[in-house]
Amino acid sequence: MIDLIGRHGSAAAAPMARRAGRVLGLVGAAAVALTVVLLSPFVLEALSGSKGVDWNRLSQIGAAYGFTSAIVSALALAGVAVSLVVQNRQAKAEQVQGIRSYYLELVRLELDDMPLFQPVWGDTDIVDPHEQKRHVYADLMMNYAWMGFEIGTVREGLLRDMLAGMFTGEAGRHYWSRAHTSWIAGTSASRVGRRFLAIVGEEHARAVASGPPTRSIIAPRPPAVPASGASPALRTSVGALIGLGAGLALGSLLRSRR
């Protein structure tokens with residue numbers, strides 16, 4: 001029993017001894033490093049063989065290197081700051097993109113059932129249902145142009161080409177005459193937004209000066225034409241007569257065999 005206790009005691013004491021050894025090793029290494037740092041000037045003086053070194057001169061040289069180190073540290077800090085700004089802008093752009101995607105989903109729902117969802121947006125002076133859908137579709141096109149121009153995927157040349165085609169027609173001009181006030185209120189806060197509004201205004205004025213717009217006319221759908229020239233009632237009558245004749249012929253054949 002005593003032997004068992006002694007073995008357990010020695011087994012428990014071994015990890016404690018190892019931990020104490022590690023602590024003492026770390027303390028010794030720190031003491032050696034501190035001693036080397038304190039004695040390094042004297043060691044360098046002995047190795048160089050020079051006596052009576054001007055320590056004030058050496059301190060000035062060290063201060064010069066310290067100034068260089070401060071510049072490098074400042075540049076590193078500026079790099080970190082720039083990285084944080086870029087990340088912040090990227091996060092904000094992702095939030096804006098999420099909001100706009102949600103808005104597009106709402107507009108798609110409205111297009112699917114205009115009589116149901118249009119009153120939610122408020123009263124409108126557009127009575128014709130086709131004109132209402134054209135107005136909503138023009139709003140989608142303008143939002144697409146604005147988002148592309150804002151992030152740089154739609155350049156100014158492409159934007160002007162899109163707007164020139166849009167303002168050629170009656171629907172595009174009517175849309176901008178109704179919606180330009182809200183666009184100015186929501187987009188003019190940024191430099192890119194003001195440039196976008198300027199381009200849209202220039203292209204709209206150029207289209208208006210070129211002449212009247214093309215009319216937005218819905219072509220009537222042609223009536224459905226049956227595959228054959230005969231009417232359905234005639235085809236039904238002919239089929240009934242053929243079936244009746246076949247039945248009479250089969251009945252007479254059976255009676256003759258009897």
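All values reported here derive from a predicted model rather than from experimental measurement.

## Quick notes on the layout of surface pockets
One simple way to see leftover space: roll a probe sized like a water molecule over the atoms. Within this model, the largest pocket holds a volume of roughly 660 Å³. Surrounding the largest pocket, 25 residues form its lining, Tyr103, Trp121, His135, Asp139 and Ser182 being those nearest its centre. Classifying every residue of the lining of the largest pocket gives 10 nonpolar, 9 polar and 6 charged. Approximately 480 Å³ is the volume found for the second largest pocket. Lining the second largest pocket are 14 residues, with Lys92, Ala93, Val96, Arg100 and Glu150 sitting closest to its centre. Looking at the lining of the second largest pocket, the elements with two or more residues in it are helix H2 (55–112), helix H4 (129–151) and helix H6 (170–187). Top element by residues in the lining of the second largest pocket is H2. It accounts for 6 residues. Among the residues forming the lining of the second largest pocket, the class breakdown is 6 nonpolar, 4 polar and 4 charged.

## Comments concerning the packing of aromatic side chains
Taken as a whole and assessed by the stated rule, the structure comprises 4 aromatic pairs. Between the aromatic rings of Phe149 and Phe196, the centroid separation amounts to 6.0 Å while the plane-to-plane angle is 40°, which identifies the pairing as tilted. Here Phe196 lies in helix H7 (residues 191–210) and Phe149 lies in helix H4, a separation of 47 residues in the sequence. In terms of burial, Phe149 and Phe196 fall into one category: buried.

## Comments concerning H4
Taking 1.5 Å of rise per residue, 23 residues should cover 33 Å, and H4 covers 34 Å from first to last C-alpha, within 8% of that figure. Just beyond H4, the residue with positive phi is Gly152, at close to 95°.

How each quantity is defined
- Residues numbered from 1 in each chain as written.
- Predicted model: local features only at pLDDT ≥ 70, side-chain atom pairs only at ≥ 80, totals over all residues.
- Heavy atoms only, no water.
- 1 Å grid on protein atoms, 1.4 Å probe; cavity = no way out; pocket = protein on both sides within 12 Å on 5 of 7 lines; lining within 4 Å.
- Points joined across faces, edges and corners; volume = space filled by probe spheres on them.
- Nonpolar A, V, L, I, M, F, W, Y, C, P; charged D, E, K, R; others polar.
- Helix = DSSP H or I, 4+ residues; strand = E, 2+ residues; numbered from the N terminus.
- Phe/Tyr/Trp six-rings, centres within 6.5 Å; stacked < 30°, edge-to-face > 60°.
- Buried < 20%, exposed > 50% of the residue type's maximum accessible area, 1.4 Å probe, protein only.
- Expected span 1.5 Å × (residues − 1).

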